[in-house]
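# Summary of the model geometry
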Amino acid sequence: MSTRIDVAGLHKGFATDKGPLAVVDDVSLQVEDGEFIAIVGPSGCGKSTLMRMIAGFIAPDAGHVLIDGVERTRPGPQGILISQHGSVFPWLTVRQNLMFGLNDISSKQEKAAVADHYASIVGLKGFEGSYPHELSGGMLKRVEIARALAVKPAILYMDEPFSALDALMSLRMRNELLRILERERHTVLLITHDVEEAIHLADRVMVLSPRPTRIQATFEVNLPHPRKLTSPAVQELRMAILKELGVEAEADPVDARA
Ligand SMILES: Nc1ncnc2c1ncn2[C@@H]1O[C@H](COP(=O)(O)OP(=O)(O)OP(=O)(O)O)[C@@H](O)[C@H]1O
Ligand SMILES: [Mg+2]
């Protein structure tokens, strides 16, 4: 395996009304090609800021990000970010949103077919011609996930992509993602507050500290897919990660932000 993402000594702070705010404090990490990394950490610690730096949307104050050995200074075509705040184009239908970015396909008909295929994968069959304002929040989130997957990016940056979905839909989307990754082997960076989701999906789970954030602990998830979430190995790992987050681990799944 080769190193796809190489992050070294990242620092980031913001100037605010109340003075300087240190947000990311010396983060270094390497992600191998095809690897799936989950990032968990307390709310407001700097997860989105870290991801936006790695994806090239904001510049670090110090340190560097190499993608395939090349310094990253702006968003590149090989990476797609699914942001926490959503970025579906309101003036385009579901199908048109999904066709957006399929620049490698020249035939409009073929683009529409790919769009419809991904709409159906995320459970939006029948809504291809609908506009975003006609959809629910969870459906909008699924449009965004489908749009990112349709492009088949080498790197998929996902910032809490499933948190607007109900438990059943979130589980369904996770399973779809795993199915797609089996075929297409994207490199994935996922931010989540759901520890179980992190263990379900990732090869490695990184726990970030409170702000200014750094990597507090890393857990390898050496469990074959499909992973049984009720298994003792998963539960043990979940408890260890929750403990690292300072959350009292209970028998039932809890939200790491609780
Ligand atoms: N552009 C900005 N200017 C000023 N402060 C910012 C900016 N972006 C983020 N921050 C601050 O940086 C801190 C970290 O924000 P960030 O969005 O990275 O946290 P997060 O870990 O993703 O939080 P959450 O779990 O709630 O999504 C917050 O205190 C936020 O107010
Ligand atoms: Mg965030």
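Sequence order as written defines the numbering, with residues in each chain counted from 1. The order in which chains are written sets their letters, starting at A; the order in which ligands are written sets their numbers, starting at 1. Given that the model is predicted, a residue must reach a pLDDT of at least 70 before its local features are reported, and side-chain atom pairs must reach 80 or more before they are shown or counted; all residues, however, enter totals for whole chains, interfaces and linings. Side-chain descriptors were evaluated using all non-hydrogen atoms of the structure, hydrogens and water having been removed beforehand.

Atoms of type N, O and S within 2.8 Å of a metal are treated as its donors, and for Na, K and Ca the window is 3.2 Å; water is not considered, so some sites may appear to be missing partners. Protein ligation of the magnesium ion (ligand 2) involves Ser48 (OG) and Gln84 (OE1), the donor distances falling in the range 2.0 to 2.3 Å. Within this pair, whereas Ser48 is found in helix H1 (residues 47-54), its partner Gln84 is found in the loop between strand E6 (79-82) and helix H2 (94-99), the two being separated by 36 residues in sequence. Residue class for Ser48 comes out partly exposed when judged on its relative accessible area of 22%. Burial classes: relative accessible area under 20% of the type maximum marks a residue as buried, over 50% as exposed, and values in between as partly exposed (1.4 Å probe, protein chains only). Residue class for Gln84 comes out partly exposed when judged on its relative accessible area of 33%. Strands are runs of DSSP state E lasting at least two residues, helices are runs of H or I lasting at least four, and both sets are numbered from the N terminus onward.

Those residues carrying the UniProt feature "domain: ABC transporter" (unreviewed entry) are residues 5-235 in this numbering. A helix fraction of 31% and a strand fraction of 28% characterise residues 5-235, whose end C-alpha atoms lie 30 Å from each other. UniProt positions are given in the numbering used here, feature names are shortened, and annotations may be inferred rather than shown by experiment.

Take the environment of Thr16 next. Its location among the elements puts Thr16 in strand E1 (residues 3-16). A polar contact of 2.6 Å, which involves the side chain of Thr16, links it to the backbone oxygen of Gly19. A 3.5 Å cut-off defines polar contacts: any pair of N or O atoms within that distance qualifies, except that in protein one atom must be a possible hydrogen donor and the other a possible acceptor, and neighbouring residues in sequence count only when both atoms are side-chain atoms.

Only rings of Phe, Tyr and Trp enter the pairing, Trp through its six-membered ring, and a pair is recorded when the two centres are within 6.5 Å. The plane angle decides the type: under 30 degrees is stacked, over 60 is edge-to-face, the rest tilted. Tallied over the entire structure, the rule returns two aromatic pairs. Between Phe89 and Trp91, the aromatic rings sit 5.2 Å apart at their centres with planes inclined by 35°, giving tilted as the arrangement. For Trp91, a relative accessible area of 59% corresponds to the exposed category. Ring plane angle 65° and centroid distance 4.6 Å describe the contact between Phe89 and Phe100, whose orientation is recorded as edge-to-face. One end of the pair, Phe89, is in the loop between E6 and H2; the other, Phe100, is in the loop between H2 and helix H3 (108-121), and eleven residues separate them in sequence. Three or more aromatic residues joined by ring pairs make a cluster, and in this case those are Phe89, Trp91 and Phe100. Throughout this description, the term charge over a ring refers to an Arg CZ or Lys NZ atom that lies within 6 Å of the ring centre and within 35 degrees of the ring normal. Above the ring of Phe89, the side-chain terminus of Arg147 is found at 5.1 Å from the ring centroid.

For the bond running from Arg211 to Pro212, omega is -10°, close enough to zero to count as cis. You can see Pro212 is positioned in the loop between strand E9 (204-208) and strand E10 (215-220). Positive phi, close to 65°, is recorded for Asp26, a residue that is not glycine. If you trace the backbone, Asp26 turns up in strand E2 (residues 19-32).

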